[in-house]
Amino acid sequence: MVDEATRKSLSGIPLLKTKAGPRDKELWVQRLKEEFQALIKYVETNKQQDNDWFRLESNKEGTRWFGKCWYIQDLLKYEFDVEFDIPVTYPTTAPEIALPELDGKTAKMYRGGKICLTDHFKPLWARNVPKFGIAHAMALGLGPWLAVEIPDLIQKGVVVYKEK
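- As annotated in an unreviewed UniProt entry, the protein chain carries the name Ubiquitin-fold modifier-conjugating enzyme 1 and is attributed to Daphnia magna.
- Entered under Sequence similarities (unreviewed entry) in the UniProt record, the comment concerning the protein chain runs "Belongs to the ubiquitin-conjugating enzyme family. UFC1 subfamily."
- Word for word, the UniProt comment on the protein chain under Function (unreviewed entry) is "E2-like enzyme which forms an intermediate with UFM1 via a thioester linkage."

The following block contains the structure:
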């Protein structure tokens, strides 16, 4: 199930209330406010715990999200572009998070660099609609994926450190 560190991380992310997607006009604006509040709280909590690992921003409509995520190993920061679109059936359907530059570099990824979240994350998301949002997708989807996949890709030499 969920380990103690994940449980603690999740407890700092507010649950969302509005069940609305991009097609729901006024309700979508309310949902976006909740999404931003949850993301801000999650990032603040991560910074307080010295666990800052991503930056996100969205287009004006809140339907396309993009930014950076990073993983630190052996004091080296491996940084990746992250992007996803909000599905029209959101929040019933979770966003498909992509790291385009890793496309084809691991079996736990779909075409276009979309990370595999099917086995562990999607059932959890389905049980928590509409309470889960983008911050939860980062905490329970991308975060654990990075923690498992990136060290393996580094060890295999598939991902190499780039000087800034």
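Now, onward.
### Some details on the sheet that holds strand β2 (residues 64-73)
Phase 1: Spatially, β1-β2-β3 is the arrangement adopted by the 3 strands of the open sheet, whose pairing is antiparallel. Of all strands in the sheet, those with a lone pairing partner are β1 (54-58) and β3 (76-85), marking the two edges. For this sheet the average axis-to-axis angle between neighbouring strands, irrespective of direction, equals 15°.
Phase 2: Here 10 bridges tie β2 to β3, and the two strands are oriented antiparallel to one another. In the strand pairing of β3, F66 is matched with E83.
Phase 3: Sheet strands in contact with helix α2 (residues 25-48) are β1 and β2, and its direction is about 165° off that of β1.
Phase 4: Across the sheet, helix α4 (residues 134-155) touches β1, β2 and β3, and the angle it forms with β2 is around 45°.

### With respect to α2
Phase 1: The first and last C-alpha atoms of α2 sit 35 Å apart over 24 residues, in line with the 34 Å expected at 1.5 Å per residue.
Phase 2: Those residues of α2 not exposed but buried are W28, R31, L32, E34, E35, A38, L39, Y42, V43, T45 and N46.
Phase 3: Taken from the residues just after α2, D50 is the one with a positive phi, measuring 50°.

### Observations concerning the pattern of salt bridges
Phase 1: Considering all chains together, one arrives at 10 salt bridges under this definition.
Phase 2: K77 is paired through a salt bridge with E79; the nearest N and O atoms lie 3.9 Å apart.
Phase 3: Through salt bridges with shared partners, one network takes in R64, E83 and D85.

### Comments concerning the packing of α2 against α4
Phase 1: One way to put it is that α2 packs onto α4 with a least axis distance of 7 Å and a crossing angle of 40°. Here α4 runs oblique to α2, going by the angle between their axes. Contact residues: E35, A38, L39 and Y42 in α2; I134, A135, M138 and A139 in α4.
Phase 2: Residues belonging to the contact of α2 with α4 are distributed by class as follows: 7 nonpolar, no polar and 1 charged.

### Examining the packing of aromatic side chains
Phase 1: Overall, the coordinates contain 9 aromatic pairs when judged by the stated rule.
Phase 2: Ring geometry for W28 and Y90: centres 6.1 Å apart, planes at 90°, overall edge-to-face. One end of the pair, W28, is in helix α2; the other, Y90, is in the loop between β3 and β4 (109-110), and 62 residues separate them in sequence. The burial state of W28 is the same as that of Y90; both residues are buried.
Phase 3: Consider the rings of Y78 and Y161, whose centres lie 5.9 Å apart with planes at 80°: the pair is edge-to-face. Highlighted residues: Y78 in strand β3 and Y161 in the segment after α4, separated in sequence by 83 residues.
Phase 4: The rings of W28, Y90, F121, W125 and F132 are connected pair by pair, giving a single aromatic cluster.
Phase 5: Above the plane of the ring of W70 lies K77, whose end atom (NZ or CZ) is 4.3 Å from the centre.

Analysis parameters
Residues numbered from 1 in each chain as written. Predicted model: local features only at pLDDT ≥ 70, side-chain atom pairs only at ≥ 80, totals over all residues. Heavy atoms only, no water. UniProt positions renumbered as here; feature names shortened; annotations may be inferred. Pairing = 2+ DSSP bridges. Helix = DSSP H or I, 4+ residues; strand = E, 2+ residues; numbered from the N terminus. Axes fitted to C-alpha atoms, helices over the stretch in contact; angles between N-to-C directions. Contact = heavy atoms within 4.5 Å. Expected span 1.5 Å × (residues − 1). Buried < 20%, exposed > 50% of the residue type's maximum accessible area, 1.4 Å probe, protein only. Salt bridge = Lys/Arg side-chain N within 4 Å of Asp/Glu carboxyl O. Parallel < 35°, antiparallel > 145°, perpendicular 65-115°, else oblique. Nonpolar A, V, L, I, M, F, W, Y, C, P; charged D, E, K, R; others polar. Phe/Tyr/Trp six-rings, centres within 6.5 Å; stacked < 30°, edge-to-face > 60°. Lys NZ or Arg CZ within 6 Å of the ring centre and 35° of its normal.

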